[in-house]
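Here's the letter readout for the chains.
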Amino acid sequence: MIFKYTYGTPIETQATVEKLEDSSEALKLLNMSTAEDKISFSYKMSANDIVYGLGESVRGINKRGWSYTSFCADDPVHTESKNSLYGAHNFIIVSGAKTFGVFVDTPAGVTFDIGYTALNDLVITPQEQDLVLYVITGDNEKDIVRQFRKMVGKGYAPPRWAFGFQQSRWGYKTADDLRRVAKGYRDSDIPIDAIYMDIDYMTDYKDFTVDEEKFPNFKSFVAEMKEQDIKLVPIIDAGVKIEKGYDVYEEGVKNNYFCKDENGSDFISAVWPGLTHFPDFLKDEARQWFGSKYKVLTDTGIEGFWNDMNEPAIFYSKNKLDKAWERVDEYRNKNLDINSYFELRDVFSGLEDYKGFYHSIDGKMVRHDKVHNIYGFNMTKSAAQAFDTIAPNKRLLLFSRSSYIGMHRYGGIWTGDNQSWWSHIELCLKQLPGLNMCGFMYIGSDIGGFGANTTEDLVLRWLALGVFTPLMRNHSAIGTREQECYLFENKDWFKDIISVRYKLIPYLYSEFMKANINNEMMFRPLAFDYPRDNMAKQVEDQLMVGDSIMIAPVYKQNAHGRYVYLPQNMLFVKMRGDSYTCEVLKKGHHYINVELSEVPLFIKENGALPMVKSALSTEKLDCTQLEVLALVQDSARYVLYTDDGISKDAKGQYTEISVTRQSNEYSINCDDKSLTLTVEAFGGNIIE
Ligand code: MIG
């Protein structure tokens, strides 16, 4: 059951698609306090309660022991000490003595103190007093997630090619740079489906322009890349350059499409293009207008985009910078003591000025900080809605940096500017289930790490996790060590790992789509599947992925393997290129050895994993020849979802595959006669 409670007169966020009636039941589990005019909701946790959720955030799968603030932040240093990242995903599940979900729907900030101030106290404090609170009860965590996801609506589905491997780097400047990357991959026989275009493809960082000098005859370049089965994916930034004669700027000014400052003038701030205005994505006409501009690029054959800087990231606002200079002048002639020196040093930080500009919502001016968390959401919605007109029945790739629950209906997300740190492989793993809970299904991190210099072993281990994330993209920052796979000493190992991804695409796509359609999580904490197993509840670095497998990536440098906990007997599979080794392991603890060139995974008892022969692009996969790997106790069963992978109204087909066993003989069955199947099966009870 979902209980809704409205407090004050909240601004509609569009997080939900189902409209519910208010019920005072919502406040039976949470204690509401309005002390000192600050509303808050609290709950006394039992010592063993686990708290799941909050999507993109730092720390563990169990969110206890920290205070998190949902307030979309452009912060490239994702350490444990941070409270906010790029997304605002205000959904948690408390699991234990009582099990229930809480969703705080507000476009402004919210703080979740989950055992930070006091170990057993959960206290939720919204920044604004107007909000909608949802409390969800159900049979178990999965049931609560299902109800929540149904309420917030079906997730975005990308085209199937977006499940291929993708390469990006901030620093590719010209068509020749991109050709070199394509050649690097194709010459090394490392599979790839897309290459990204970061901000340098534009003329002076102006949205919806392509620099003609760096990209002469862009349209034919897009086609040239497609001939090699490579899609180009350009970035779009939120800020619009202020420049006379630039059509996007001129139209925006003329039609009042930009956010305003307190005097009603177009708000001025600085991002990559220099001085910019921000489109008011909360205003219907502005949103439609900005979205229609993507056509400039789709007309050249582009089929995918990533929306960046949409928290929005602001280097400084003109007002705040002017004030900062005044302060510098005050300090200039002073005899600085050490404290005032530090003050002076900080004068130029924190100039983003979220209280300095306004949106127009239903004709009313609303200060930005009160609706901050839905800005990036609406940028991505603007593109997605325009795509419905631009390409009515074609799925385009679209994902965003900033997000709020509800945006998952329009696009995916990547987890922003991580670092080339081993701990960030682990962070990625831990974010996956929370993101799925909140509806975000097309997700992934910058593989190899965005900031800082990477190392070959780090990229390999990260890829071995990335094999399973719907978005599998290697991306890095300008100035850092280059990390394209073909540049490293052991190119073949990269080919081995990325080939595993292609072998698994039918399974991953099938699990992604089924989870999306059925409001389920593709990535689950072990405890969701083995609720009576107390050990499973403590496991923070392994995940269930879809119906058939569990993953346990190696994420420590110089480790030859890792400890793993099996909540039941499983088939331990080490995959490398098109080959693999298998071993049946018993329920319990094990140490597994994993080489840098291998991808480990575990097939559940009575689980079956369909695979195909790897290929150099998704286009070239032959999905009619399935190799099924299974661990069969009595009979293993898998339901494979397929569709055309490109049309929006694609009719999904469900094919049931079963592997049965008679003494030590296995036979495979499937209702689709167009498929050719081979099977390699193991019996669960042969160990002893
Ligand atoms: O201020 O476009 O997160 O992926 O490479 C940096 C340059 C702006 C931030 C994105 C990152 C991208 C970078 N952008």
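Keep in mind that what you see is a predicted model, and the values were worked out from it rather than measured.

(A) View of the site of the ligand. Of all residues adjacent to the ligand, which total 13 residues, the nearest are D198, D308, R401, D417 and H475. Interatomic distance of 2.5 Å between a side-chain N/O atom of D198 and an oxygen atom of the ligand. In the complex, 95% of the free accessible area of the ligand, which totals 350 Å², lies under the protein chains. Taken together, the residues of the shell around the ligand sort by class into eight nonpolar, one polar and four charged.

(B) Structural detail: the packing of helix α10 (residues 423-437) against helix α11 (residues 456-466). Closest axis-to-axis distance for the α10/α11 pair is 10 Å, and the angle between their directions is 10°. Between α10 and α11, the angle falls in the class roughly parallel. For the pair α10 and α11, contact is made by H424, I425, C428 and L429 and by L458, R461, W462 and L465, respectively. For the contact of α10 with α11, the class distribution of residues is six nonpolar, one polar and one charged.

(C) Helix α2 (residues 175-187), seen in detail. The end-to-end C-alpha separation of α2 is 18 Å, in line with the 18 Å expected for 13 residues at 1.5 Å each. For α2, every residue scored as buried is listed here: A175, D177, L178, V181, A182, G184, Y185 and R186. Structurally, α2 contributes buried residues whose contacts are with β12 (165-167), β13 (194-197), α3 (218-227) and β14 (231-237). Where α2 terminates, the next one or two residues include D189, which has phi positive at roughly 55°.

(D) Spotlight on the packing of α2 against α3. Interhelical geometry of α2 versus α3 gives an angle of 0° and a closest axis separation of 11 Å. Our classification of the angle between α2 and α3 gives roughly parallel. In this structure, α2 contributes A175, L178, R179 and A182 to the contact, and α3 contributes F221, E224 and M225. A class-by-class count of the residues in the contact of α2 with α3 yields five nonpolar, no polar and two charged.

(E) Structural view of the sheet that holds strand β41 (residues 676-683). If you trace the three strands from one edge of the open sheet to the other, you get β36-β37-β41, paired in mixed fashion. Each of the sheet's edge strands pairs with one partner strand only, and the pair in question is β36 (607-611) and β41. Neighbouring strand axes in the sheet, compared pairwise and without regard to direction, differ in orientation by 20° on average. Relative to β41, strand β37 (residues 625-632) runs parallel, the two being bridged by eight bridges. In the strand pairing of β41, Q625 is matched with T676. With respect to the sheet, helix α12 (residues 491-517) is in contact with β36 and β37, its orientation differing from that of β36 by roughly 125°.

(F) How the structure looks around the environment of F682. You can see F682 is positioned in strand β41. The spatial distance from the C-alpha of F682 to the C-alpha of S476 is 41 Å, given a sequence separation of 206 residues. Among all residues touching F682, those that are not within four sequence positions of it are L571, C582, V584, L629, A630, L631, V632 and Y666.

(G) View of the environment of D457. Examined against the element boundaries, D457 turns out to sit in helix α11. By relative accessible area, which is 16% here, D457 ends up buried. Taking the C-alpha atoms as reference points, D457 and S647, separated by 190 residues in sequence, lie 38 Å from one another. Once residues within four sequence positions are removed from consideration, D457 is found in contact with W422, Q557, N558 and L596. Reaching out from D457, the side chain makes a polar contact with the side chain of T455 at a distance of 2.6 Å.

(H) The arrangement of the nonpolar core in detail. Of all hydrophobic cores here, the largest spans 178 residues; its most connected members are F91, F218, L232, L463, F468 and L504. For this core, the leading source of residues is α12, giving 13 residues. Residues contacting F91, with those up to four places away along its chain left out, are Y52, G53, L54, G101, V102, F103, I136, I144, F148, I405, M437 and C438.

(I) Fine view of the pattern of salt bridges. On inspection of all chains with the given rule, the structure shows 43 salt bridges. Across the pair D229 and K620 runs a salt bridge whose closest N-O atoms are separated by 2.8 Å. Of the two residues, D229 sits in the loop between α3 and β14 while K620 sits in the loop between β36 and β37, which places them 391 residues apart along the sequence. K620 sits in the exposed class, given a relative accessible area of 55%. The closest approach of N and O atoms between R332 and D329, which form a salt bridge, is 3.2 Å. A residue pair is termed a helical-turn pair when its members lie 3 or 4 positions apart in one helix, as R332 and D329 do in helix α7 (residues 318-332) at three residues.

(J) Focus on the pairing of β37. When you tally the buried positions in β37, you get six out of eight residues, the bulk of the element. Both β36 and β37 contribute to a ladder of five bridges, which runs antiparallel. Pairing of A608 across the sheet is with A630, part of β37.

Rules used throughout
- Residues numbered from 1 in each chain as written.
- Predicted model: local features only at pLDDT ≥ 70, side-chain atom pairs only at ≥ 80, totals over all residues.
- Heavy atoms only, no water.
- Near = heavy atom within 4 Å.
- Polar contact = N/O pair within 3.5 Å; in protein donor to acceptor, adjacent residues only side chain to side chain.
- Areas by Shrake-Rupley, 256 points an atom, 1.4 Å probe, with all protein chains shown as cover.
- Nonpolar A, V, L, I, M, F, W, Y, C, P; charged D, E, K, R; others polar.
- Axes fitted to C-alpha atoms, helices over the stretch in contact; angles between N-to-C directions.
- Helix = DSSP H or I, 4+ residues; strand = E, 2+ residues; numbered from the N terminus.
- Parallel < 35°, antiparallel > 145°, perpendicular 65-115°, else oblique.
- Contact = heavy atoms within 4.5 Å.
- Expected span 1.5 Å × (residues − 1).
- Buried < 20%, exposed > 50% of the residue type's maximum accessible area, 1.4 Å probe, protein only.
- Pairing = 2+ DSSP bridges.
- Core = buried A, V, L, I, M, F, W, Y, C linked by side-chain atoms within 4.5 Å.
- Salt bridge = Lys/Arg side-chain N within 4 Å of Asp/Glu carboxyl O.

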